[in-house]
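Coordinate analysis (summary)
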Amino acid sequence: MGMMVAARRIDAAVDEVRYEFGFEDRFDRILRIDPNTLAATVEDGDFNSAASAITAKIVRVWRSSGEFPARVLFAS
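Residues numbered from 1 in each chain as written. Predicted model: local features only at pLDDT ≥ 70, side-chain atom pairs only at ≥ 80, totals over all residues. Heavy atoms only, no water.

**Quick notes on the side chain of arginine 18**
Relative to the helices and strands, arginine 18 is located in strand β2 (residues 17–23). Apart from the residues within four sequence positions on either side, arginine 18 is in contact with Arg8, Arg9, Ile10, Asp11, Ile30, Leu31, Arg32 and Glu43. (Helix = DSSP H or I, 4+ residues; strand = E, 2+ residues; numbered from the N terminus. Contact = heavy atoms within 4.5 Å.)

What follows is the structure, given as structure tokens:
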């Protein structure tokens, strides 16, 4: 069985980009990315495989386009 993680950007400040994310369309967690270092943290402190997968996808999009995407989906 695969994993599908969805995220949507909820805020993009100078010092932090925030995403709601979760499995399928249950946006029940918050991911924070520092736009200067691309370091990511999760509000609940549990940086698990779902958080890692969606962060990697967001960073790949940012590197290819120069912008943080509004929505991202990771499926495996």
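Read on, since the account is not over.
**Some points on the side chain of arginine 29**
As for its position among the elements, arginine 29 is in strand β3 (residues 29–33). Setting aside its immediate chain neighbours within four residues, arginine 29 contacts Tyr19, Glu20, Phe21, Val42, Asp44, Asp46 and Asn48.

**A look at the pattern of salt bridges**
Inspection of every chain in the model, using the stated rule, returns 4 salt bridges. With its nearest N and O atoms 3.8 Å apart, the salt bridge here joins glutamate 16 to arginine 32. With glutamate 16 in the loop between β1 (4–12) and β2 and arginine 32 in strand β3, this residue pair connects regions lying 16 residues apart in the sequence. The salt bridge partner of arginine 29 is aspartate 44, with a shortest N-O separation of 2.9 Å. Taken as a pair, arginine 29 in strand β3 and aspartate 44 in the loop between β4 (40–42) and α1 (49–65) lie far apart in primary sequence, 15 residues in all. (Salt bridge = Lys/Arg side-chain N within 4 Å of Asp/Glu carboxyl O.)

**So, α1**
When the terminal C-alpha atoms of α1 are compared, their 24 Å separation across 17 residues agrees well with the 24 Å that a helix rising 1.5 Å per residue should span. Every buried residue of α1 is accounted for by Ala50, Ala51, Ala53, Ile54, Thr55, Ile58 and Val59. For α1, the secondary structure elements touched by its buried residues are β1, β2, β3, β4 and β5 (71–75). Sitting at the amino-terminal end of α1 is asparagine 48, which places a side-chain oxygen 3.2 Å from the backbone nitrogen of alanine 50. One or two positions beyond α1, positive phi appears at glycine 66, with a value near 80°. (Expected span 1.5 Å × (residues − 1). Buried < 20%, exposed > 50% of the residue type's maximum accessible area, 1.4 Å probe, protein only. Polar contact = N/O pair within 3.5 Å; in protein donor to acceptor, adjacent residues only side chain to side chain.)

**Things to note about the environment of arginine 9**
With respect to the helices and strands, the residue arginine 9 is situated in strand β1. For arginine 9, a relative accessible area of 35% corresponds to the partly exposed category. For the pair arginine 9 and valine 72, spaced 63 residues apart in sequence, the C-alpha to C-alpha distance is 8.6 Å. The contacts of arginine 9, once residues within four sequence positions are left out, are Val17, Arg18, Tyr19, Phe68, Pro69 and Ala70.

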